[in-house]
Every structure is written in C-alpha cells, then in structure tokens.
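One-letter residues, chain by chain:
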Amino acid sequence: MAVRHRLIQATPEAVWDVLADGDRYVEWVVGPSQVVPKAGQWPQVGATIAYEVRLGPLLLHNETVVRRCVEGSELELEAKAGRLGTARIAVELRPWGEQCLVIVDEHPLRGPGGLVHNVGVEALIQVRHRAMLARLSKLCESRAGDQCRPDPPDAVGSVNYRWGTGRD
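So, how was this worked out
- All residue numbers here refer to positions counted from 1 along the written sequence of the relevant chain.
- Under the rules for a predicted model, residues below a pLDDT of 70 receive no local features and side-chain atom pairs below 80 are neither given nor counted, while totals for whole chains, interfaces and linings still include all residues.
- For the side-chain quantities, the full set of heavy atoms in the structure was used; hydrogens and water were omitted.
- Each helix is a run of DSSP H or I of at least 4 residues and each strand a run of E of at least 2, with the numbering of both proceeding from the N terminus.
- Type-normalised accessible area, obtained with a 1.4 Å probe on protein chains alone, sets the label of each residue: buried when under 20%, exposed when over 50%, and partly exposed for intermediate values.
- Between two residues, a contact is recorded if the distance between any of their heavy atoms is within 4.5 Å.
- What sets the accessible areas is the Shrake-Rupley method with a 1.4 Å probe; for residues, cover comes only from the shown protein chains.
- To qualify as a nonpolar core, a set must consist of buried Ala, Val, Leu, Ile, Met, Phe, Trp, Tyr and Cys residues joined through side-chain atoms within 4.5 Å.
- Pairs of cysteine sulfur atoms within 2.5 Å are identified as disulfides in what follows.
- Strand pairing is defined by DSSP finding a minimum of two bridges between the two strands.
- Note on method: axes are straight lines fitted to C-alpha atoms, helices fitted across the in-contact stretch only, with angles between N-to-C directions ranging 0 to 180 degrees.

Details of the overall build of the protein
- In terms of helices and strands, the protein carries three helices and nine strands.
- Counting helices and strands in the order they occur from the N terminus, the protein gives β-α-α-β-β-β-β-β-β-α-β-β.
- Across the 168 residues in the protein, those meeting the buried criterion constitute 36%.
- For the protein, the share of sequence-separated contacts (at least 6 apart) that also reach a separation of at least 24 residues comes to 46%.
- Put simply, the protein shows about 9900 Å² of open surface, and 55% of that area lies on carbon and sulfur atoms.

Quick look at the nonpolar core
- Counting 31 residues, the largest nonpolar core has Val15, Leu19, Tyr25, Trp28, Val102 and Leu136 as its most contacted members.
- Counting only elements with at least two residues in this core, the list comes to helix 1 (12-19), helix 2 (25-28), strand 3 (48-55), strand 5 (74-80), strand 6 (86-96), strand 7 (99-110) and helix 3 (119-144).
- Residues contacting Val102, with those up to four places away along its chain left out, are Arg4, His5, Arg6, Ile8, Val15, Val91, Glu92, Leu93, Leu133 and Leu136.

A short note on the state of the cysteines
- Scanning the entire structure with this criterion turns up zero disulfides.
- The structure places no disulfide on Cys100, whose sulfur is separated from the nearest cysteine sulfur, that of Cys140, by 7.6 Å.
- Residue class for Cys100 comes out buried when judged on its relative accessible area of 0%.

Re the sheet that holds strand 2 (residues 32-39)
- If you walk across this open sheet you meet the seven strands as 1-7-6-5-4-3-2, and the pairing is antiparallel. Across the chains shown, the open sheet's two edge strands, defined by having one partner strand only, are strand 1 (2-8) and strand 2. Across the sheet, the mean angle from the axis of one strand to that of its neighbour is 25°, orientation sign disregarded.
- Note: strand 4 (residues 58-70) against strand 5, seven bridges, orientation antiparallel. In the strand pairing of strand 5, Val66 is matched with Leu77.

Considering unusual backbone geometry
- Of note, the amide linkage connecting Trp42 to Pro43 takes the cis form, showing an omega dihedral of 5°.
- When you line up the elements, Pro43 lands in the loop between strand 2 and strand 3.

Regarding the environment of Val119
- Within the fold, Val119 resides in helix 3.
- Residue Val119 is classed as exposed on the basis of its relative accessible area, which comes to 71%.

Right under this line is the structure:
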C-alpha cells in the first residue's frame, strides 16, 4: 500500500478547492490528459471523468469515479485502467496549524494489477505520488494568495530555508 504525505502551505479549504474542481484533475494527477466529464457533478459520489494516459506507444482510455467524498477533508477515487484493473486512491486533508497535511493512499483494488503489485511497483507509485503532491502543492500555494499560511518565522520549531544554502 503506497502512502505518502506532504505539508502544503495553504489552508485545507484552498487545497479542497483544487481537488473539488474536476477540470483541474490533469493539473495535479500524473499521467492523464484531456479530462472529459462523463457522469455526475465532481466531486459528488458517482461522478466520473474520462481521460487518456500515454504509456510509451500505448494510449489508454481510462476513467476515475468518486467513491467517497467528505467535503473539505476526504476524497476517495477508483481509477479504472481497462484490462489492467482498478486502483483505490484516497486523499485526506488534515488541518496542520494554518496549513494542510495531505495524505495520499493508493493500492490495487480489482483486476490483474493486484497480482503484479510488488515492491518495485510500490516504488514507482511512491515516485508518482511525490510528483503528484508537488504539483498539488504548487497549484494550491499559487492559488491560495492570502490563504497561503507559512509558519511565522518566530514560531517555536520553525525553520527557515533558503534555496541552495540549507537552513539558516
């Protein structure tokens, strides 16, 4: 089971705004392109979006269905990859001070994908999650504006980082 987290310097509301916009799915999820609404209103349970994923010379036509939604805090998706099977992807938002801790949990759910699930596949999912959470963070922090909430520099345990120098 691939679980990864990231602290995003935006409020949970700002992060939820991005997750709740089905048109933005391709901006933060690694792989899909050209999202097309298929059924329902994203992110309501049962809402479905269709998209293409290119794997080398292969072009896959996939879809993702919302299976569970707790507005503002939890979004559980089932990503359908045709004959490869499906995966459960759960995104949880937790307030962390004035920021948002995002936890992503993904694992095979149905089909042959679960049969080949091993340490190597797990490592690839972790790399994909790292990229996905970086995209989500960039989107949320750039959109958050005044909702962006970095730790105040005088907060206990606060560390300031400067590019290329480590911490100061």
